[in-house]
Structures are given as C-alpha cells and as structure tokens.
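Structural features, examined
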Amino acid sequence: MRLSVIDIGSNTIKTTVFKADGKNLKEISHKTLHAKLSSHIKDGRLSEKGISVLIDSVNKLKRVSKKFGCKKKNTFAFATACIRGASNRDEILRRLCKATKMEIRLLSGEEEAEMCFLGALSSESCPKDGVLADLGGGSCEFILFENSTSKRKVSLNVGALAMYKKFASKKYIDFDELKKLSSYLKNEFSSNLQGITLPSDREFIVTGGTARAAATLLEKLANNDNLTLPKKITLAEAKDLCEKITSGELRDITEEVVKDRAQTIVPGLYVLINAAEAFCTDHFTVVSGGARNGFASKTVNERKAKKQKKKVKQK
C-alpha cells in the first residue's frame, strides 16, 4: 500500500509518499512547496491571496500523490500552527476541504508534538530516552520521552519563521535583534518548559527543516555534499555559524545551499541554541523523521488494529 501525507505549515507545504510494507514504512518521494502562508496573515487572518495559495498548493501535492500511485482514500492532509492560529481558521478549513475534496485535519499543539515524536521514533537513530524538539516555521514542539514513551509535551509559538517576523526589521536579522530574540527565548523557556529536564546521560534530538538546513550547510562547509543523519551539532558550531551568517561572511553560500531558509536559519538556530542551554547541554543531534512520518505510522497502525478487531469479531 502507498499513502501520502500532506503537511500544511507556516513556511512550507510538503508531502511525503510512503510505501507500507508490513511493519515498515519506506519513504519513496518528497515534494516541498514554499507557500509562505504566514506572510499572508494580516491582522490575525489568512488573506484571500493566502487561501488561494493554500488551495493551489494542496491540489498540486494531491496530483503528486496520485502520480506516485496513492489512492484518494490513502491521501491525507493536516494543518499546524499557521492555520491553528488564524482567526478565520474555520472558514479556511471549510473552503480548503471543498476545493480539494479532502478532509483536512487541524492538529492541536499537543497532537502535533505527538506526531513529531512518533515520526522520530521511526528513525533507527532515535534514542529511547531524551528530549525531542521539532522546529517548524510557526511553532516548536518539545517532547520529554522515556523508554520510547512520551511523558510530557509542550508546543510553543517560537518557530523559525515566527521569530524572524517578530524580531527582524530587515532582510536578515542583525546582532542587536538577536540579543532581543535570545532574551525573549530564555523567558519563554523558563516559563513554559517546567517538567522537561535533560539528565546528562540523555540526548537532546531535533527534527525539522531548519535543523536539517543547518546540518546540510555545515556539511557543505566541510566539503561534504551529502548529509547523513544523525548529525551532532555543538552549540559552539551553531553559534559560530549564526555569527558568520549574520555578519555576512557566509551569506552567499547560505543562499546557495539553503536558499529558501537563508533568512530564517539564524532565528531558528537561536531557538535550538537557547533550548539546549535551558536543558544544560552543549549540543543537539539532528535526526530524521517528523510529523508526516508520525502521522503515516499512526494511520497504518490504526488500520491494522481495525482489521485485526474485525477478524476477531468474525471468529
């Protein structure tokens, strides 16, 4: 069976096509559209232009899913922080469902965190104990997990694009604005991450486009063209990268390697740096997986359980 999961985020709208084979899920295709929906939020509402971009993007990704053999019943879509925070979200979902002939699931912050955790668990590199941060454009989900079971989940509106929009006054955020961003994040984390602690023998792992972009850029600077995950990034490396991008020293190569995240990579890295410092660790590890993987895994498992239940009843 093939299934497709469309993820409607604040900065990008993505689909991943999976092949379900027994207990395993294999990714066979990815497609990303840089819709930048949050740029179409005006006074808390997604504008008409934004709704049009959203509908066109989801329909394009539906066609991609069909091209790879996904049936309509196996094509799913969910929305996260950007739509969740829009004051006209009910209208957006109604119009989107009608125009795409799809059921669009609006995830709560806690549901999004759970999907991110399930997605990370699908990676062989995921430890059994630690803290996971999934950094998106609009929000960042934090999950404390022990023995591969989530214990506490927190969703904060500190996504890479959200922080860029909140603090950057020009195309690129400057050093004074980074100081203000860092102070803001320290306050957010001290107020909202109570109960999420990281013992010294456990890992702080991260997922999301910004984290992968940073890992890709660091590999490129080391003359490695291919990124292999997991990728450990020390805070010293992350801070040095932020300083050199902000000063302009690495701006050209950043725009070349991670063009669509060139302006938001530094604010996003500052989220991860300040979170790592809040957890008293000197590094974080970028792993594969994410909300789409988690959604696909949960969907497949729920269908298997339903079939098994049906078989039991028939006996």
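Going by the structure above, here's the rest.
Quantities reported herein were computed from a predicted structural model and do not represent experimental measurements. (Residues numbered from 1 in each chain as written. Predicted model: local features only at pLDDT ≥ 70, side-chain atom pairs only at ≥ 80, totals over all residues. Heavy atoms only, no water.)

**Some points on the packing of aromatic side chains**
- Enumeration according to the criterion identifies 7 aromatic pairs in this entry.
- Between Phe-117 and Phe-145, the aromatic rings sit 5.4 Å apart at their centres with planes inclined by 45 degrees, giving tilted as the arrangement. In this pair, Phe-117 sits in helix α4 (residues 109–121) while Phe-145 sits in strand β9 (residues 140–146), placing the two residues 28 residues apart along the sequence. Residues Phe-117 and Phe-145 agree in their burial class; the two are buried. (Phe/Tyr/Trp six-rings, centres within 6.5 Å; stacked < 30°, edge-to-face > 60°. Helix = DSSP H or I, 4+ residues; strand = E, 2+ residues; numbered from the N terminus. Buried < 20%, exposed > 50% of the residue type's maximum accessible area, 1.4 Å probe, protein only.)

**Looking at the pattern of salt bridges**
- Per the stated rule, a full pass over the model turns up 15 salt bridges.
- Across the pair Asp-174 and Lys-170 runs a salt bridge whose closest N-O atoms are separated by 3.1 Å.
- Of the residues examined, Lys-170 reaches a relative accessible area of 47% and is grouped as partly exposed.
- Where salt bridges share partners, they join Arg-45, Glu-48, Glu-91 and Arg-95 into one cluster. (Salt bridge = Lys/Arg side-chain N within 4 Å of Asp/Glu carboxyl O.)

**Structural notes on helix α5 (residues 160–167)**
- Ala-160, Leu-161, Met-163, Tyr-164 and Phe-167 are the residues of α5 that are buried. In an axial view of α5, the angular spread of the buried residues amounts to 165 degrees, which keeps them on one side of the axis.
- The secondary structure elements touched by the buried residues of α5 are β8 (130–135), α6 (175–192), α7 (209–221) and α10 (265–278). (Arc of directions from axis to C-beta. Contact = heavy atoms within 4.5 Å.)

**Looking at the packing of α5 against α10**
- In contact at an axis separation of 8 Å, α5 and α10 are set at 110 degrees when each is read in the N-to-C sense. One element, α5, and the other, α10, form an angle in the roughly perpendicular class. Crossing angle aside, the handedness with which α5 passes α10 is right-handed. Note on element contacts: α10 touches α5 through Pro-267, Gly-268 and Val-271, opposite Ala-160, Met-163 and Tyr-164. (Axes fitted to C-alpha atoms, helices over the stretch in contact; angles between N-to-C directions. Parallel < 35°, antiparallel > 145°, perpendicular 65-115°, else oblique. Left-handed = near helix turned anticlockwise from the far one by under 90°.)

**Focus: the layout of surface pockets**
- Put simply, the largest pocket is a space of about 790 Å³.
- Considering the residues around the largest pocket, the lining is formed by 43 residues, among which Lys-14, Gly-209, Arg-212, Arg-261 and Arg-292 are closest to the centre.
- Elements with a contribution of two residues or more to the lining of the largest pocket: β2 (13–21), β3 (24–33), α4, β8, α7 and α11 (291–314).
- With 5 residues, the top contributor of residues to the lining of the largest pocket is α7.
- Partitioning the lining of the largest pocket into residue classes produces 9 nonpolar, 22 polar and 12 charged. (1 Å grid on protein atoms, 1.4 Å probe; cavity = no way out; pocket = protein on both sides within 12 Å on 5 of 7 lines; lining within 4 Å. Points joined across faces, edges and corners; volume = space filled by probe spheres on them. Nonpolar A, V, L, I, M, F, W, Y, C, P; charged D, E, K, R; others polar.)

**Thoughts on the state of the cysteines**
- Under the defined criterion, the tally for this structure stands at 0 disulfides.
- A disulfide-free cysteine, Cys-70 has its sulfur positioned 19 Å from the sulfur of Cys-97, the nearest such atom.
- You can call Cys-70 buried: its relative accessible area is 7%.
- No disulfide involves Cys-242; its sulfur sits 15 Å from the nearest other cysteine sulfur, which is in Cys-140. (Disulfide = S-S within 2.5 Å.)

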